[in-house]
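Topology and contacts: notes
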Amino acid sequence: MKKPGCFITLEGVEGVGKTTNMAFVCDTLTEHLQASGRNLVRTREPGGTPLAEEIRTLLLAPRDEVVADLSELLLMFAARAQHLESQIRPALAAGDWVVCDRFTDATYAYQGGGRGLPIEHIQVLEKLVQGSLQPDLTIYLDLPWDLAAKRIADRERDRLESESHQFFTAVRQAYLDRAKSHPRFVVISAAEALPEVQHNIGRCLQDFLRSRSEL
Ligand code: Z5A
């Protein structure tokens, strides 16, 4: 019988090393999946399909016009609806594993915690767009904003990255609060040197594979 698909997300404030560690997560899982002839789909949000990537560009571009918080929220979910419909759901239905750089927890953290939009509004859209679909595992890389900001100090900032210290501190707190109330979260400190962070991510993946009788 075909094994079911699996949905893993990676979360954290900017500067924690998500992009760096996405590669590590995908390489580790690909090695495991190839042995049983299954595929891994690596993707990201906002984005992951041509239309959703266009919405990402709209969302992140610095602009003179003030973007209303509700417009930002709706665009995040518009991109997500497209991503789910044309990429994530078909991959999961085919038994593939999907690893996504950010998903709806980012909306709770940024638009909820950072912008202060009501959680109930996010919940309504989550239900509409996702139904009952939730990640099976969420790896949250945690780092205080001061340290994260130092790691990306020489980057050119997009519209969201130009937000304040207060904004990112609220984003981090919202992530930590969600981690406490959602057992699918594994919190990994991103403050250590990269080899140690990856050692801890590797252990988390082994535990997860074992819990699904994959090892
Ligand atoms: N957003 C939202 O608001 N609502 C939503 O629903 C969703 C997203 C889905 C784009 O996200 C924006 O969208 C994001 C949230 C918002 N905006 N903000 N602000 P993104 O994920 O595409 O963009 P990002 O947050 O900038 O992620 P990133 O490019 O993956 O950055 P990163 O986490 O900083 O990763 P990195 O480039 O791998 O690491 C940064 C540097 O640190 C790099 O030089 C590494 O070599 C270094 N590094 C990594 N690990 C270590 C360790 N352990 N020690 C020392 N140095 C390290």
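Preceding this section is the structure that the text describes.
Anyway, here's the lowdown on the structure attached to this text. (Residues numbered from 1 in each chain as written. Predicted model: local features only at pLDDT ≥ 70, side-chain atom pairs only at ≥ 80, totals over all residues. Heavy atoms only, no water.)

Among the six residues of strand S1 (residues 6-11), six are classified as buried, and the element is accordingly described as predominantly covered. Burial of S1 is two-sided: the residues Cys 6, Ile 8 and Leu 10 facing one way and the residues Phe 7, Thr 9 and Glu 11 facing the other way are all buried. Pairing between S1 and strand S4 (residues 137-142): four bridges, direction parallel. Looking at the pairing, Thr 9 lines up with Thr 138 of S4. (Buried < 20%, exposed > 50% of the residue type's maximum accessible area, 1.4 Å probe, protein only. Helix = DSSP H or I, 4+ residues; strand = E, 2+ residues; numbered from the N terminus. Pairing = 2+ DSSP bridges.)

So, about helix H8 (residues 194-211). Helix length check: H8 (18 residues) gives 26 Å between terminal C-alpha atoms against 26 Å at 1.5 Å per residue, within 8%. Where H8 is buried, its residues touch S1, helix H1 (18-35), strand S3 (97-101), S4 and strand S5 (185-189). Count one or two residues on from H8 and you reach Ser 213, which has phi positive near 55 degrees. (Expected span 1.5 Å × (residues − 1). Contact = heavy atoms within 4.5 Å.)

Along helix H2 (residues 50-60), the residues that are buried comprise Ala 52, Ile 55, Arg 56, Leu 59 and Leu 60. Projected down its long axis, H2 shows its buried positions confined to an angular sector of 125 degrees, all on one face. In this structure, H2 carries Pro 50, Glu 54 and Thr 57 as exposed residues pointing more than 90 degrees from its buried face. (Arc of directions from axis to C-beta.)

Below, the discussion takes up the pattern of salt bridges. On inspection of all chains with the given rule, the structure shows 15 salt bridges. The salt bridge partner of Glu 45 is Arg 80, with a shortest N-O separation of 2.6 Å. Linking Glu 45 in the loop between strand S2 (40-44) and H2 with Arg 80 in helix H3 (residues 69-93), this pair joins segments that are 35 residues apart in sequence. A single burial state applies to Glu 45 and to Arg 80, both of which are buried. Between Asp 136 and Arg 212 there is a salt bridge whose closest N-O contact spans 3.9 Å. Of this pair, Asp 136 sits in the loop between helix H5 (119-130) and S4 while Arg 212 sits in the segment after H8, placing them 76 residues apart in sequence. On the accessibility criterion, Asp 136 (34% relative accessible area) is partly exposed. (Salt bridge = Lys/Arg side-chain N within 4 Å of Asp/Glu carboxyl O.)

Every one of the 30 residues lining the ligand counts as a neighbour, but Glu 14, Gly 15, Thr 19, Thr 20 and Arg 102 are closest to it. With respect to the ligand, the side chain of Gln 111 contributes an N or O atom lying 2.8 Å from a nitrogen atom. Within the backbone of Glu 192, one N or O atom sits 2.9 Å away from a nitrogen atom of the ligand. Relative to its unbound accessible surface of 1,100 Å², the ligand loses 82% to contact with the protein. Elements supplying a minimum of two residues to the shell around the ligand: H1, H2, H3, helix H4 (104-114) and H8. The element best represented in the shell around the ligand is H4, accounting for four residues. For the shell around the ligand, the residue count by class is 13 nonpolar, six polar and eleven charged. (Near = heavy atom within 4 Å. Polar contact = N/O pair within 3.5 Å; in protein donor to acceptor, adjacent residues only side chain to side chain. Areas by Shrake-Rupley, 256 points an atom, 1.4 Å probe, with all protein chains shown as cover. Nonpolar A, V, L, I, M, F, W, Y, C, P; charged D, E, K, R; others polar.)

Turning to the packing of H1 against H8, a few remarks are in order. Their axes nearest at 10 Å, the elements H1 and H8 cross at an angle of 40 degrees. Between H1 and H8, the angle is such that the two are oblique. At the point where H1 passes H8, the crossing takes the right-handed sense. Taking contact as the criterion, the partners of Thr 20, Asn 21, Phe 24, Val 25, Thr 28, Leu 29 and His 32 in H1 are, on H8, Leu 194, Val 197, Gln 198, Ile 201, Gly 202, Leu 205 and Leu 209. For the contact of H1 with H8, the per-class residue count stands at eight nonpolar, six polar and no charged. (Axes fitted to C-alpha atoms, helices over the stretch in contact; angles between N-to-C directions. Parallel < 35°, antiparallel > 145°, perpendicular 65-115°, else oblique. Left-handed = near helix turned anticlockwise from the far one by under 90°.)

On to the state of the cysteines. Going through the model one piece at a time under the given rule, you end up with zero disulfides. The thiol of Cys 26 is unpaired, and the distance to the nearest cysteine sulfur, on Cys 100, comes to 10 Å. The class of Cys 26 is buried, set by a relative accessible area of 5%. Accessibility expressed as a relative area gives 0% for Cys 100, which makes it buried. (Disulfide = S-S within 2.5 Å.)

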